[in-house]
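The residues making up each chain are set out below.
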Amino acid sequence: MTTLAAYAVRDDNSRGRQYTEPAPAARSEFQRDRDRIIHSTAFRRLEYKTQVFVNHEGDLFRTRLTHSIEVAQIARSIARALQLNEDLAEAVSLAHDLGHTPFGHAGQEALNACMKDYGGFEHNLQSLRTVEVLEERYGAFDGLNLTFETREGILKHCSPSKAQELGELGARFLNRTQPSLEAQICNLADEIAYNNHDIDDGLRSGLITEEQLANIPAYAMHEQAVRAQYPDIRGRRLVGETIRRMINAHVIDLIKTSEANILTLNPQSLDDIRNAGKPLIGFSPEMREQLLVLKQFLRTHLYRHYQVLRMTNKARRIVGDLFGAFMEEPALLPPQYQDMAKGGKPHLADASQARARAVADYIAGMTDRYAMKEHRRLFAVGEI
Ligand code: MG
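Residues numbered from 1 in each chain as written. Predicted model: local features only at pLDDT ≥ 70, side-chain atom pairs only at ≥ 80, totals over all residues. Heavy atoms only, no water.

**Considering the coordination of the magnesium ion**
No. 1: Surrounding the magnesium ion are the protein donor atoms H67 (NE2), H96 (NE2), D97 (OD) and D190 (OD), which sit 2.1 to 2.6 Å from the metal.
No. 2: One chain supplies every donor to the magnesium ion, and in sequence these donors are spaced H-x28-H-D-x92-D. One end of the pair, H67, is in helix α3 (residues 64-81); the other, H96, is in the loop between α4 (86-95) and α5 (104-114), and 29 residues separate them in sequence. Just as H67 is buried, H96 falls in that class too. (Donors = N, O, S within 2.8 Å, 3.2 Å for Na, K, Ca; no water. Helix = DSSP H or I, 4+ residues; strand = E, 2+ residues; numbered from the N terminus. Buried < 20%, exposed > 50% of the residue type's maximum accessible area, 1.4 Å probe, protein only.)

**Here we look at empty space enclosed by the protein**
No. 1: Applying the stated criterion across every chain yields a total of one cavity of 30 Å³ or more.
No. 2: Computed from the structure, the largest cavity encloses a volume of approximately 70 Å³.
No. 3: For the largest cavity, the full set of lining residues is Q18, Y19, V131, E132, D142, L144, N145, L146 and R151.
No. 4: Here the lining of the largest cavity is built from residues that sort into four nonpolar, two polar and three charged. (1 Å grid on protein atoms, 1.4 Å probe; cavity = no way out; pocket = protein on both sides within 12 Å on 5 of 7 lines; lining within 4 Å. Points joined across faces, edges and corners; volume = space filled by probe spheres on them. Nonpolar A, V, L, I, M, F, W, Y, C, P; charged D, E, K, R; others polar.)

**Some points on the pattern of salt bridges**
A side chain of one charge can pair with a side chain of the opposite charge if their charged atoms are brought near each other.
No. 1: Scanning all chains against the criterion turns up 28 salt bridges.
No. 2: Across the pair D35 and R34 runs a salt bridge, and its minimum N-O distance is 2.9 Å.
No. 3: Given the relative accessible area of 16%, R34 is considered buried.
No. 4: Note that R377 and E374 form a salt bridge whose closest N and O atoms lie 2.7 Å from each other. Of the two residues, R377 and E374 are both situated in helix α19 (residues 368-379); the distance of three residues between them amounts to about one turn of the helix.
No. 5: In the salt-bridge network here, residues are joined through shared partners; they are R27, R34, D35, R76, R80, E86 and E90. (Salt bridge = Lys/Arg side-chain N within 4 Å of Asp/Glu carboxyl O.)

**Observations concerning the domain arrangement of the protein chain**
No. 1: According to the domain assignment, the protein chain contains domain 1 (11-306) and domain 2 (307-379).
No. 2: Between the C-alpha centres of domain 1 and domain 2 the distance comes to 26 Å.
No. 3: Contact between domain 1 and domain 2 buries roughly 3,100 Å² in total, counting both sides, with carbon and sulfur atoms accounting for 63%.
No. 4: Its largest share of buried area at the contact with domain 2, domain 1 owes to F103, Y118 and Y306, together 23% of the area lost on that side.
No. 5: Of the charged contacts, one joins R129 and D361 as a salt bridge, the two residues approaching to 2.5 Å between their closest N and O atoms.
No. 6: Counting the contacts that link domain 1 with domain 2 gives 15 residue pairs in polar contact (both at pLDDT 80 or more).
No. 7: If you tally residues by element for the side of domain 1 that touches domain 2, the top one is α5, at six residues.
No. 8: Residue composition of the side of domain 1 that touches domain 2, by class: 17 nonpolar, eleven polar and nine charged. (Domains from an automatic or database assignment. Buried area = accessible area lost by both parts, 1.4 Å probe. Polar contact = N/O pair within 3.5 Å; in protein donor to acceptor, adjacent residues only side chain to side chain.)

Here it is as structure tokens:
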């Protein structure tokens, strides 16, 4: 293992866990966090949750699980290159999407709309809620009792009003300090992963074409380099060679730019990172520009493709119907959610708030196929 930089997160500068536990015997605190995340129920469910394509649309598309694994791979490479805590980067990456609803962003938007009078729904906050409250695996506490730094990394963004409710974890959104570099890395590793795998999945599905991508410099420049090296290459191999070069270019740009930012600030401690005034992990302006064009392309041609919109429209209806049915009749909920709906956990004063939050927790935890099945069970005549 390489030596960690003075400003990396380590066991000895960690703010620790909410409930004190003995130090792990043969692993670091952050390895323990990663292990707890991998063994959680929410992590296993990621396999059956939509990234862009609904899980049953094809076996080769990314799911939330494979996306999270790709984010972890990219984040670990960057963390190691910058002498930062690879285990923390891995833990945050694997946990960052645990709070995602079924059906990707369509599900999140639908649930947020349903929850608008009850404090809203935000997948990022739900990821935190999953590891802090919802996982039931330990005798002494709710949740996974992860370290402050892992939870800090999971909470990528947060409104000022929510931040006030989150105490120590929300403080940085109010006093404008920065999270650890490891957390900053995970944020951008997420972006690198989805920008690249959405092109791959988009091409594989036929919703976008290589002809369209010929006008997108972030893709075209690498495709040309591949063709120059292998004049006869085509099909999946051409896409594979192009995307691996893209990922590499994004990662290397991020490492070089961040290294330069770190060198300029010359931080001596983790506190120097927190007080830096701005994030130090970032892309160069040229790469930012390239990625912006690429993102706009994906938004127009993939995320808003009519075939994707048909699915998202259906997802919205499923989530809305489920929410309505459970709010009207909480007795339809499984027993543990009925208890939560009654205000048993969390201890919410207002009864309809507690009910709405329990319903949102139940729906958010569903996989795509479970949500569809539950919808059939509740609404289809002739189903039980
Ligand atoms: Mg993600």
